[in-house]
Amino acid sequence: MKRIWAPWRSVYIEAISTKPAKTKKCFLCANNSLSNFLVAKGTHAFVILNRYPYNPGHLLVAPYRHVSSIEQLSDIEICEIFKLITKSVKALKASFQPDGFNIGLNLGKAGGAGLAGHLHFHIVPRWIGDTNFMAVLADTKVINEELKKTQKKLKGLF
């Protein structure tokens, strides 16, 4: 039997198995700094690595303002967010050579938003065959690159 080591995932497992501490700041407001996987900063929005990625290179693009609905965004924020999404796709293509992408926005708890109070777009690089037996049979996803390495690789491409 082969073993796959992904010890950094224990943080996620422990977080979902215990009650989260109540905090006044959301993780996007609290973590948009270089020490917390920031990849790019704009004037009105930023790009950050997803701490619990679906695939290597999974990025989040969010406005600095803590808003929960798309209609609350200003035209300037909308423009910058989409420019950062485009730059994210270009950077991911250059560094990971994915076969495609899932780009999405979950609005509201009923819409699947894990963080309903601060909207953010997900950019997930995809490869043909990236779903294997681990995800299908074991409900487990193996991420093959450490987040700091991914951050370093992508930061220079913005």
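Keep in mind that what you see is a predicted model, and the values were worked out from it rather than measured.

What counts, and where the lines are drawn
- Residues numbered from 1 in each chain as written.
- Predicted model: local features only at pLDDT ≥ 70, side-chain atom pairs only at ≥ 80, totals over all residues.
- Heavy atoms only, no water.
- Pairing = 2+ DSSP bridges.
- Helix = DSSP H or I, 4+ residues; strand = E, 2+ residues; numbered from the N terminus.
- Axes fitted to C-alpha atoms, helices over the stretch in contact; angles between N-to-C directions.
- Expected span 1.5 Å × (residues − 1).
- Buried < 20%, exposed > 50% of the residue type's maximum accessible area, 1.4 Å probe, protein only.
- Contact = heavy atoms within 4.5 Å.
- Salt bridge = Lys/Arg side-chain N within 4 Å of Asp/Glu carboxyl O.
- Phe/Tyr/Trp six-rings, centres within 6.5 Å; stacked < 30°, edge-to-face > 60°.
- Lys NZ or Arg CZ within 6 Å of the ring centre and 35° of its normal.

Undergrad: Before we move on, could you go through the sheet that holds strand β5 (residues 121–126) and cite the residues and values that matter?
TA: The antiparallel open sheet is built from five strands, whose spatial order is β1-β2-β3-β5-β4. Of all the strands in the sheet, the pair left with one neighbour each is β1 (38–41) and β4 (100–105). Each adjacent strand pair in this sheet contributes to an overall mean axis angle of 20°, direction not counted. In the sheet, strand β3 (residues 59–63) pairs with β5 via three bridges, with the strands oriented antiparallel. Residue pairing in the sheet places Val61 in a bridge with Phe121 of β5.

Undergrad: Describe helix α3 (residues 75–96), with residues and values.
TA: For α3, built from 22 residues, the straight-helix expectation of 32 Å at 1.5 Å per residue is met to within 8% by its first-to-last C-alpha distance of 31 Å. Among all positions in α3, only Glu77, Glu80, Ile81, Leu84, Ile85, Ser88, Val89, Ala91, Leu92, Ser95 and Phe96 are buried. Where α3 is buried, its residues contact β2 (45–49), β3, β4, β5 and α5 (147–155).

Undergrad: How would you explain the pattern of salt bridges if you had to name every residue and give the values?
TA: Oppositely charged side chains can pair when the atoms bearing their charge come close. Under the definition given, this model contains two salt bridges. The partner of Glu77 in a salt bridge is Arg65, and the shortest N-O contact between them spans 2.7 Å. Taken as a pair, Glu77 in helix α3 and Arg65 in the loop between β3 and α3 lie far apart in primary sequence, twelve residues in all. A residue is classified by how much of its surface remains accessible, and Glu77, at 4% relative accessible area, is buried. With relative accessibility at 39%, the residue Arg65 sits in the partly exposed group. Between Glu145 and Lys153 there is a salt bridge, with its nearest N and O atoms 2.8 Å apart.

Undergrad: Outline the pairing of β1, supporting the account with residue identities and numerical values.
TA: In terms of strand pairing, β1 meets β2 through three bridges, oriented antiparallel. Residue pairing in the sheet places Ala40 in a bridge with Val47 of β2. Where β1 folds back onto β2 in an antiparallel hairpin, the turn is made up of three residues.

Undergrad: Go over the packing of aromatic side chains, please, and point to the residues and values.
TA: A complete count under the given rule lists three aromatic pairs for this structure. Measuring from centroid to centroid gives 5.5 Å for Phe82 and Phe121, while their planes differ by 70°, and the two rings are edge-to-face. Of this pair, Phe82 sits in helix α3 while Phe121 sits in strand β5; the two residues are 39 residues apart in sequence, bridging distant segments of the chain. The positively charged end of Lys153 is found above the aromatic ring belonging to Phe96, 4.4 Å away from the centroid.

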